[in-house]
Amino acid sequence: MPAVSKGDGMRGLAVFISDIRNCKSKEAEIKRINKELANIRSKFKGDKALDGYSKKKYVCKLLFIFLLGHDIDFGHMEAVNLLSSNRYTEKQIGYLFISVLVNSNSELIRLINNAIKNDLASRNPTFMGLALHCIANVGSREMAEAFAGEIPKILVAGDTMDSVKQSAALCLLRLYRTSPDLVPMGDWTSRVVHLLNDQHLGVVTAATSLITTLAQKNPEEFKTSVSLAVSRLSRIVTSASTDLQDYTYYFVPAPWLSVKLLRLLQCYPPPEDPAVRGRLTECLETVLNKAQEPPKSKKVQHSNAKNAVLFEAISLIIHHDSEPNLLVRACNQLGQFLQHRETNLRYLALESMCTLASSEFSHEAVKTHIETVINALKTERDVSVRQRAVDLLYAMCDRSNAQQIVAEMLSYLETADYSIREEIVLKVAILAEKYAVDYTWYVDTILNLIRIAGDYVSEEVWYRVIQIVINRDDVQGYAAKTVFEALQAPACHENLVKVGGYILGEFGNLIAGDPRSSPLIQFNLLHSKFHLCSVPTRALLLSTYIKFVNLFPEVKATIQDVLRSDSQLRNADVELQQRAVEYLRLSTVASTDILATVLEEMPPFPERESSILAKLKKKKGPNTVTDLEEAKRERSADVNGGPEPAPASAAGLHTGRLRACAGRSWTRLSAHSPPFGRGTLAWEASVLSGLLCGRSVFRTFFPVQSTPSPSADLLGLGATPPAPAGPPPSSGGLLVDVFSDSPSAVAPLAPGSEDNFARFVCKNNGVLFENQLLQIGLKSEFRQNLGRMFIFYGNKTSTQFLSFTPTLICSDDLQTNLSLQTKPVDPTVDGGAQVQQVVNIECVSDFTEAPVLNIQFRYGGTFQNVSVKLPITLNKFFQPTEMASQDFFQRWKQLSSPQQEVQNIFKAKHPMDTEITKAKIIGFGSALLEDVDPNPANFVGAGIIHTRTTQIGCLLRLEPNLQAQMYRLTLRTSKEAVSRRLCALLSEQF
Amino acid sequence: LREQELPRSRGTGAAGVRTGVAMIRFILIQNRAGKTRLAKWYMQFDDDEKQKLIEEVHAVVTVRDAKHTNFVEFRNFKIIYRRYAGLYFCICVDVNDNNLAYLEAIHNFVEVLNEYFHNVCELDLVFNFYKVYTVVDEMFLAGEIRETSQTKVLKQLLMLQSL
């Protein structure tokens, strides 16, 4: 092959480039460039028509100048002129200039498109190639509009040259990526799939990329590609290393094509046809076997190419997650790589194993490598490799190895790179909490975290440890003792002072019996840190002091002295000053009883999802996690009719201010405490506590306004039987029980009521019931654990309904879990009129049954009695949760105990339509998570059920089997009853 | 790259989901001093953004030593790179893409350049920059690997050379 001499063909260009290279300074370079630009401009403007060669040379110089980073504002027209040259070299420079300096000048685009059109029609493969490359490089919408219809034809035409086919396939791919709406699917798609069989491996390589992208969006249409890809792959992996000639790379047959085929297969579930499936399994086994064979070459190129295919095969095995044998083999192979001398392989093995750790088939196998991974954490030189080791330890952690992994992560933290410290802190905090059998271990771990990496311990972490200590009385004494000891260190992190202050303020009494930690010693210890701390911490400590006043009357005088000192009472910081003033006053004027009530121990926090997890999610995927906290905060503000509650001031405690310092002060304001009024303050207290754990929630520790059990008084429920149990005389097929004359009897459920009920599970509005006389419509909205339902009663006749009495009926069980409130409606409904009834709903705890709406009225001379089930179902209290694949499976794995999972396999009752199914899952209330399930045919969802007392995270997965017309629905939540109910509700929908 | 809303996944999750986009975002050839010898973009960037990317890539790649991996996380993507004498060949791809396949794609490309320019050196790329684009387009197109056979690519280049 002839070597290409410097700038051959264009001497002027080579000279110019040399000149530029010889410039000693930036100024000289600019001067030389300006000279050249002036020269070119005059040539382009000159009277003498330039020949093709000169034009090419000057356009190429302009391009070079542009690539040096200078602006070019002319020459576009000359470049476009080059496109219509008949000489390849001139055309090539023209196209290159266009591709690099795309200009959206519409006039030019028209000319460019015209030239491209001519070249595409030229039947000259070289020109067609240039034109296709230009479209692929620019990929603009205008080009898509002009050529998206033409390129598929070129791609599948019988007489198209192979190299043109390659370019056409990828050109089409580019247009499909930028303007999918402009690329029409059609007859060509099936012919494109058959390119997988093409003789020319270059064509197959290009076509596989195209098909993979198309198949991701249109899996059904490209389903036949699976068997073709498997047989192509099989032919490649079983070929001798020389069979594929120029497609063999360092003794590896067609490695890039193999990788692409394996990626194409990852768009689909395991093949259903047993023959295809068997053949694929053989392929994958062959790839795994080859990894064990001695290398055919010592060159790194050989092993890299071989391992590229191996890693992709392992990805496919993990994607299918169905062959335990292959999964374990993959894990063993990766295990070997963990100790390989090549850093690349160690890195990739750690990364790949992370995904294996979440498969139930290989989780145990992954765990056997724990020592190697820990060693990697200690010895790897490349921080990105250590990072993967941390990720893998986190992924392989379970109850059996949590203590070891947490200990190793903690010790790594001492020397960890700053860039990954915060993430490790979060991971340690999560693992310590999740796998704590013994909460003393948890407390020790978090205190260690603060000691080792205090600066990286975010609020979420230390809020959480306090939440847990407050909620678990078995650990409170230990926590108090431990923080007390930790605070003895001469220099301790401010976060430790915060945790210590809070815990001693609550539970210091538990260790006060020991003379070594008497009240005064505790106080002096905390106060010795006071002056070194920031304002928020000092504010917190002041609250601790007032708590001490209540806990330890013997130090009251000491504390009052401190509060009274100028440095507190006249502190420049208004927050500190106010606290000092108010606490001092409180300690002086309040009776012991009042003190004890106001400063009582904090009530337990509601159990909810760890806010740390949310934080980690946020760190890991800023784009994938919606800001739940923010959304919730907004919503709860809405529910309460505004973010600012009515100010209430009493006994010198300015609640507005207390709220402002929420998260630091935790003074308990009891609803039962007369001086502090009712309602608003209790609400305040809940906001305070809510904020303390990093979230605001609408939740009260005490009933704000005692909610009467579902409207016994309002609806006169006492007079009606609790449930429509006793069947009155059957009314056969009649919709309305016209025979019954007893006003107190509740009609059996109207026929069809069940069906109607099911229809409302995934929607909130519609007609619930209708007969010749009456129509009942519903409109409802739900937010978190609250909801409101509007019931519309329409009189379809022209006669008045009299004594119109709708009644809500809940069983005793349901009454405790679901609170309903409504007002009676006007007993007269005029003919043709509609009356409305509002039901306020609160979900107190999870529930299974549905309330019954009974309506009794007189129409003409007859008594009418109708009962329908009211569609208030548990799923209405769903809040959707978006999460990334890794989070989903992580949690899925966490909820793996048999009580947490409920599964139902059932026959499809409706046509199995993907879009309808998606709409139903969204209507059900959970988030529909795209790109999470490895099998694109499956649906997964996630959400949180809000009740007054708790929040229950729910994951769901729906696997359709088109062939059998069946579904498998799996629900995983932390509560069995919830899993069961949601599964039952959703199963009825498909 | 900022405007791309691609989730940052690291393969730490289960099931190695492969449904996201996976393609080459750009190819850069830079020397140690940070001078760009080739920049090929497969997605839209404005000129300032391109300049910023070029500088960032240079900053992350040149600090790594030979014992490090040939992969480095980069914004929401990753860079697969290989150093040949004073030149860094960098390919930016999506995080779920196959590292080793691109690492060897770089080498395959370099072998073609070496053959085409007879012992390629940095200066060949400078003086023949417009030909380098042709070589790239033969081997990579639309962010995908187009042709991997060195024989076929060189035959085609030779044919074009003769026109």
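Refer to the structure presented above.
Residues numbered from 1 in each chain as written. Chains lettered and ligands numbered in written order. Predicted model: local features only at pLDDT ≥ 70, side-chain atom pairs only at ≥ 80, totals over all residues. Heavy atoms only, no water.

Caption draft 1: Focus on the overall build of chain B. From N to C terminus, chain B includes 5 helices and 7 strands. If you list the helices and strands of chain B from N to C, you get β-β-α-β-β-β-α-α-α-β-β-α. Per-residue burial for chain B yields a buried fraction of 69% across its 163 residues. Sequence-distant contacts in chain B: of pairs separated by 6 or more residues, those separated by 24 or more amount to 53%. When the accessible area of chain B is evaluated, it comes to approximately 5,600 Å², of which 51% is carbon and sulfur surface. (Helix = DSSP H or I, 4+ residues; strand = E, 2+ residues; numbered from the N terminus. Buried < 20%, exposed > 50% of the residue type's maximum accessible area, 1.4 Å probe, protein only. Contact = heavy atoms within 4.5 Å. Areas by Shrake-Rupley, 256 points an atom, 1.4 Å probe, with all protein chains shown as cover.)

Caption draft 2: Representation of the overall build of chain A within the structure. The secondary structure content of chain A amounts to 43 helices and 18 strands. Taking as baseline every contact in chain A between residues at least 6 positions apart, the subset at least 24 positions apart corresponds to 69%. Accessible surface, chain A: about 40,300 Å² in total, of which carbon and sulfur atoms supply 51%.

Caption draft 3: Structural detail: a negative patch on the surface. On the surface, Asp71 of chain A together with Asp46, Asp47 and Asp48 of chain B cluster together to form a negatively charged patch. With respect to the element layout, Asp48 of chain B can be found in helix 1 (residues 47–62). (Patch = residues over 30% accessible without salt bridge, like charges linked within 9 Å, V, L, I, M, F, W, Y side chains within 5 Å. Salt bridge = Lys/Arg side-chain N within 4 Å of Asp/Glu carboxyl O. Lys, Arg positive; Asp, Glu negative; His and termini not counted. Charge placed at Lys NZ, Arg CZ, Asp CG, Glu CD.)

Caption draft 4: Quick look at the interface of chain A and chain B. In this complex, chain A contributes 90 residues to the contact, which on the side of chain B involves 79 residues. Summed over both sides, the interface of chain A with chain B buries roughly 7,500 Å², with 54% coming from carbon and sulfur. Here Glu73 of chain B makes a salt bridge to Arg388 of chain A, at a shortest N to O gap of 2.1 Å. Along the contact surface separating chain A from chain B lie 29 residue pairs in polar contact (both at pLDDT 80 or more). Considering each element in turn, the side of chain A that touches chain B owes the most residues, 11 residues, to helix 16 (residues 300–320) of chain A. (Buried area = accessible area lost by both parts, 1.4 Å probe. Polar contact = N/O pair within 3.5 Å; in protein donor to acceptor, adjacent residues only side chain to side chain.)

Caption draft 5: Summary view of the pattern of salt bridges. In total, this model carries 54 salt bridges over all chains according to the counting rule given. Glu930 of chain A serves as the salt-bridge partner of Lys918 of chain A, at 3.8 Å between the closest nitrogen and oxygen. Linking Lys918 of chain A in helix 42 (residues 914–924) with Glu930 of chain A in the loop between strand 15 (927–929) and strand 16 (939–946), this pair joins segments that are 12 residues apart in sequence. We note a salt bridge from Glu138 of chain B to Arg146 of chain B, for which the minimum N-O separation is 3.3 Å.

Caption draft 6: Molecular detail of the sheet that holds strand 11 (residues 852–859) of chain A. Residue and element names in this part refer to chain A. Overall, antiparallel pairing links the 3 strands, which are arranged 8-11-12 in an open sheet. Single-partner strands in this sheet number two, and they are strand 8 (801–809) and strand 12 (862–869). Here the strands of the sheet are splayed against their neighbours by 15° on average, with no regard to which way each runs. Where strand 11 meets strand 12, 8 bridges bridge the pair, whose relative direction is antiparallel. If you follow Arg858 over to strand 12, its bridge partner there is Phe863. (Pairing = 2+ DSSP bridges. Axes fitted to C-alpha atoms, helices over the stretch in contact; angles between N-to-C directions.)

Caption draft 7: Local environment of the nonpolar core. The biggest cluster of nonpolar side chains holds 276 residues, and the ones touching the most others in it are Ile116 and Leu449 of chain A together with Phe140 of chain B. Look past the residues within four positions of Leu449 of chain A in its chain and what remains in contact with it is Leu410, Leu413, Val425, Val428, Ala429, Gly454, Val457 and Val461 of chain A. One finds Phe760, Ile776, Leu814 and Ala908 of chain A within the second-largest nonpolar core, a separate group that totals 60 residues. (Core = buried A, V, L, I, M, F, W, Y, C linked by side-chain atoms within 4.5 Å.)

Caption draft 8: Broad picture of the environment of Gln216 of chain A. Residues and elements named next belong to chain A. Along the chain, Gln216 falls in helix 12 (residues 201–217). Since its relative accessible area comes to 24%, Gln216 is described here as partly exposed. Separated by 720 residues in the primary sequence, Gln216 and Pro936 place their C-alpha atoms 8.2 Å from one another.

Caption draft 9: Examining helix 32 (residues 574–589) of chain A more closely. Residue and element names in this part refer to chain A. Here helix 32 contains 16 residues, and its C-alpha end-to-end distance of 22 Å stays within 8% of the 22 Å for a straight helix at 1.5 Å per residue. Inspection of helix 32 places Glu575, Leu576, Gln578, Arg579, Ala580, Glu582, Tyr583, Leu584, Leu586 and Ser587 among the buried residues, and these make up the whole buried set. Between a side-chain oxygen at the N-terminus of helix 32 and the backbone nitrogen of Glu575 the separation is 3.0 Å; the capping residue is Asp573. (Expected span 1.5 Å × (residues − 1).)

Caption draft 10: Representation of the packing of aromatic side chains. Residue and element names in this part refer to chain A. Here the structure, examined in full by the defined rule, presents 36 aromatic pairs over all chains. On the basis of an interplanar angle of 65° and a centroid distance of 4.7 Å, the ring pair of Tyr249 and Trp256 is categorised as edge-to-face. For Trp256, a relative accessible area of 5% translates into the label buried. Clustering of aromatic rings is evident, with ring pairs tying together Tyr793, Phe801, Phe804, Phe857 and Tyr859. Across the ring face of Phe127, the terminal group of Lys91 is positioned such that the distance to the ring centre comes to 4.5 Å. Above the plane of the ring of Tyr394 lies Lys427, whose end atom (NZ or CZ) is 5.3 Å from the centre. (Phe/Tyr/Trp six-rings, centres within 6.5 Å; stacked < 30°, edge-to-face > 60°. Lys NZ or Arg CZ within 6 Å of the ring centre and 35° of its normal.)

Caption draft 11: Examining the packing of helix 29 (residues 535–551) of chain A against helix 30 (residues 556–564) of chain A more closely. Residues and elements named next belong to chain A. Where helix 29 contacts helix 30, the axes come no closer than 9 Å and their chain directions differ by 150°. As far as their axial angle goes, helix 30 and helix 29 are roughly antiparallel. Classified by chirality, the crossing of helix 30 by helix 29 is left-handed. Mapping the contact onto sequence places Leu542, Tyr545, Phe548 and Val549 in helix 29 and Lys556, Ile559, Val562 and Leu563 in helix 30. By residue class, the composition of the contact of helix 29 with helix 30 is 7 nonpolar, no polar and 1 charged. (Parallel < 35°, antiparallel > 145°, perpendicular 65-115°, else oblique. Left-handed = near helix turned anticlockwise from the far one by under 90°. Nonpolar A, V, L, I, M, F, W, Y, C, P; charged D, E, K, R; others polar.)

Caption draft 12: Summary view of unusual backbone geometry. Residue and element names in this part refer to chain A. Here Ser803, not a glycine, exhibits a phi torsion of approximately 50°, which is positive. Secondary-structure assignment places Ser803 in strand 8. Looking at Ser803, the relative accessible area reads 42%, which means it is partly exposed.

Caption draft 13: Region of interest: the side chain of Ser780 of chain A. All names here are of chain A. Secondary-structure assignment places Ser780 in strand 6 (residues 774–783). Of the polar contacts made by the side chain of Ser780, one reaches the backbone oxygen of Asn764; its length is 3.0 Å. Leave out the neighbours within four places in its chain, and Ser780 touches Asn764, Asn765, Arg788 and Met789.

Caption draft 14: Highlighting the packing of helix 1 (residues 11–22) of chain A against helix 3 (residues 52–67) of chain A. Residue and element names in this part refer to chain A. Across the interface, helix 1 lies against helix 3 with an axial gap of 9 Å and an inter-helix angle of 25°. When the interaxial angle is binned, helix 1 and helix 3 end up roughly parallel. Regarding helix 1 and helix 3, the two cross each other, and that crossing is right-handed. On helix 3, the residues touching Arg11, Gly12, Leu13, Phe16, Ile17 and Ile20 of helix 1 are Tyr53, Lys57, Cys60, Lys61, Phe64 and Ile65. Looking at the contact of helix 1 with helix 3 residue by residue, the classes come out as 8 nonpolar, 1 polar and 3 charged.

Caption draft 15: Structural context of the sheet that holds strand 5 (residues 766–770) of chain A. All names here are of chain A. One open sheet holds the 5 strands; their spatial order is 5-6-7-10-9, and the pairing between them is antiparallel. Two strands in the sheet have a free side with no partner beyond their single neighbour: strand 5 and strand 9 (818–822). Here the strands of the sheet are splayed against their neighbours by 25° on average, with no regard to which way each runs. In terms of strand pairing, strand 5 meets strand 6 through 4 bridges, oriented antiparallel. Across the sheet, Phe769 pairs through a bridge with Ile776, a residue of strand 6.

Caption draft 16: Looking closely at the pairing of strand 3 (residues 71–74) of chain B. All names here are of chain B. Direction of pairing for strand 3 relative to strand 4 (residues 77–84): antiparallel, over a ladder of 4 bridges. Residue pairing in the sheet places Phe71 in a bridge with Ile80 of strand 4. The hairpin turn running from strand 3 into strand 4, its antiparallel successor, is 2 residues long, and Arg75 in that turn takes a positive phi close to 50°.

Caption draft 17: A look at the environment of Tyr418 of chain A. Residues and elements named next belong to chain A. Mapped onto the fold, Tyr418 is located in helix 23 (residues 418–434). Exposure remark for Tyr418: the relative accessible area of 60% places this residue in the exposed category. Residues Tyr418 and Tyr456, spaced 38 residues apart in sequence, show a C-alpha to C-alpha distance of 9.1 Å.

Shape descriptors only; they carry no functional weight alone.
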